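Residue-level structure breakdown
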Amino acid sequence: MSAPEIAKAADGLLEAVRTGVPCPPVRTFLSGIDTAYAVQRANVERALTAGRRIVGRKIGLTSPAVQTQLGVDQPDFGTLFADMAVAEDGSVPAGRLIQPKVEAEVALVLKAELPHRDCTVVDILRATDFALPALEIVDSRIADWDITIVDTVADNASSGLFVLGGTPVPLTGLDLRGVRMTMTRGGEVVSEGTGADCLGSPLNAAAWLASTLARMGDPLRAGDVVLTGALGPMTVAAPGDRFEARISQLGRVAVEFATEGDRS
């Protein structure tokens, strides 16, 4: 992989964040997924140097339909920072994101490191402290969401913000494959799905992530938040929208998007 092409893509994505103006796709000068992850790592390192704090990871592309659309056969991942967290029932300031969309997920919070390169679902169950309902607010620095797997990986898996429900639920007796999700916007149902729609189970997605990161020498650690992937279709968000997701056995989580006049 070429250092100049990595730097060019990383700089372009950061400039889009700085200006709020999306950039053209970066796939035209990246050679593949490995190079895209190198771009992601470069911008994560820049974020750490700037004082941001990593609090976990997100898993993307867990839907077979989306994988088919992008021509891939596996998920991807991105990094979660503390300043990406929005309070439960909180508000996203106008202009904070470029072209946001919302999806509902199961979040796992870990109590132990997951260092194994062949992590199993049992390992995930043992290492998880509790689960929470979550909203991931995805965003793309690529104009018009014109993305392939290379673009989204380079762009930190199209991460934006995230919202966690406030009532922890132990995994004992919890059927994450069978949970049912309904997400509304302004009271109207806009997305539905089940735990099985996320790689067969959110636990499968978490095991994939743990194994992948362990092989890369950067394992999941105690205290990490893991957003395991969408349970249903994502929905475009606009100023003034209010989203609420209800996930059976886990509870509810909600967020609103401030109007253009409110940038606090």
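Data block above holds the structure.
Residues numbered from 1 in each chain as written. Predicted model: local features only at pLDDT ≥ 70, side-chain atom pairs only at ≥ 80, totals over all residues. Heavy atoms only, no water.

1. Here we look at the sheet that holds strand S13 (residues 251-257)
One open sheet accounts for five strands, arranged S4-S13-S12-S8-S9; its pairing is mixed. Edge strands, defined here as strands with exactly one partner in the open sheet, are strand S4 (90-92) and strand S9 (188-194). With strand direction ignored, the average angle separating the axes of adjacent strands in the sheet is 20°. Here strand S12 (residues 242-247) runs beside S13; their pairing, made up of six bridges, is antiparallel. Residue pairing across strands places Ala 245 opposite Val 253, the latter belonging to S13. (Pairing = 2+ DSSP bridges. Helix = DSSP H or I, 4+ residues; strand = E, 2+ residues; numbered from the N terminus. Axes fitted to C-alpha atoms, helices over the stretch in contact; angles between N-to-C directions.)

2. Some words on the packing of helix H1 (residues 3-19) against helix H2 (residues 33-49)
It is the contact of H1 with H2, at a shortest axis distance of 9 Å, that shows an interaxial angle of 55°. Looking at the two axes, H1 sits oblique to H2. H2 is crossed by H1, and the crossing has right-handed handedness. Together, Glu 5, Ile 6, Ala 9, Ala 10, Asp 11, Leu 13 and Leu 14 of H1 and Thr 35, Ala 38, Val 39, Ala 42, Asn 43 and Arg 46 of H2 make up the contact between the two elements. For the contact of H1 with H2, the per-class residue count stands at eight nonpolar, two polar and three charged. (Parallel < 35°, antiparallel > 145°, perpendicular 65-115°, else oblique. Left-handed = near helix turned anticlockwise from the far one by under 90°. Contact = heavy atoms within 4.5 Å. Nonpolar A, V, L, I, M, F, W, Y, C, P; charged D, E, K, R; others polar.)

3. Some thoughts on helix H6 (residues 202-215)
In an α-helix there are 3.6 residues to a turn, and that puts residues three or four apart on one side. Look at H6: 20 Å from first C-alpha to last across 14 residues, which is about the 20 Å you get at 1.5 Å a residue. Here H6 lies mainly inside the structure; twelve of its 14 residues are buried. By the burial criterion, the buried members of H6 are Pro 202, Leu 203, Ala 205, Ala 206, Ala 207, Trp 208, Leu 209, Ala 210, Ser 211, Thr 212, Leu 213 and Ala 214. Buried residues along H6 sit against strand S1 (54-60), strand S2 (76-81), strand S5 (101-110), helix H4 (121-127) and strand S10 (225-230). In the stretch just after H6, Gly 217 is the one whose phi turns positive, near 80°. (Expected span 1.5 Å × (residues − 1). Buried < 20%, exposed > 50% of the residue type's maximum accessible area, 1.4 Å probe, protein only.)

4. Describing the environment of Ile 6
Mapped onto the elements, Ile 6 comes out in helix H1. Separated by 33 residues in sequence, Ile 6 and Val 39 have C-alpha atoms that sit 5.2 Å apart.

5. Overview of the packing of aromatic side chains
Using the criterion set out here, one finds three aromatic pairs in the structure. Measuring from ring centre to ring centre gives 4.7 Å for Tyr 37 and Phe 77, while their planes differ by 20°; the resulting arrangement is stacked. With Tyr 37 in helix H2 and Phe 77 in strand S2, the pair connects residues that are 40 residues apart, well separated along the chain. Of the two residues, Tyr 37 and Phe 77, both sit in the buried class. For the pair Phe 77 and Trp 208, a centre-to-centre distance of 6.5 Å together with 55° between the ring planes defines the contact as tilted. Note that Phe 77 is positioned in strand S2 and Trp 208 in helix H6, a separation of 131 residues in sequence. Among the aromatic residues, those joined into a cluster by ring pairs are Tyr 37, Phe 77 and Trp 208. Sitting above the plane of the Phe 81 ring, Arg 52 keeps its charged end 4.2 Å from the centroid. Between the NZ or CZ atom of Lys 101 and the centre of the ring of Trp 145, over which it lies, the distance is 4.6 Å. (Phe/Tyr/Trp six-rings, centres within 6.5 Å; stacked < 30°, edge-to-face > 60°. Lys NZ or Arg CZ within 6 Å of the ring centre and 35° of its normal.)

6. Structural notes on the nonpolar core
Counting 84 residues, the largest nonpolar core has Leu 108, Ile 124, Leu 135, Ile 137, Leu 176 and Val 255 as the members making the most contacts within it. Element by element, the count of residues in this core is highest for H6, at eight residues. In this view, Ile 124 contacts Leu 108, Leu 114, Cys 119, Leu 203, Ala 206, Ala 207 and Ala 210; residues no more than four positions away in its chain are not counted. (Core = buried A, V, L, I, M, F, W, Y, C linked by side-chain atoms within 4.5 Å.)

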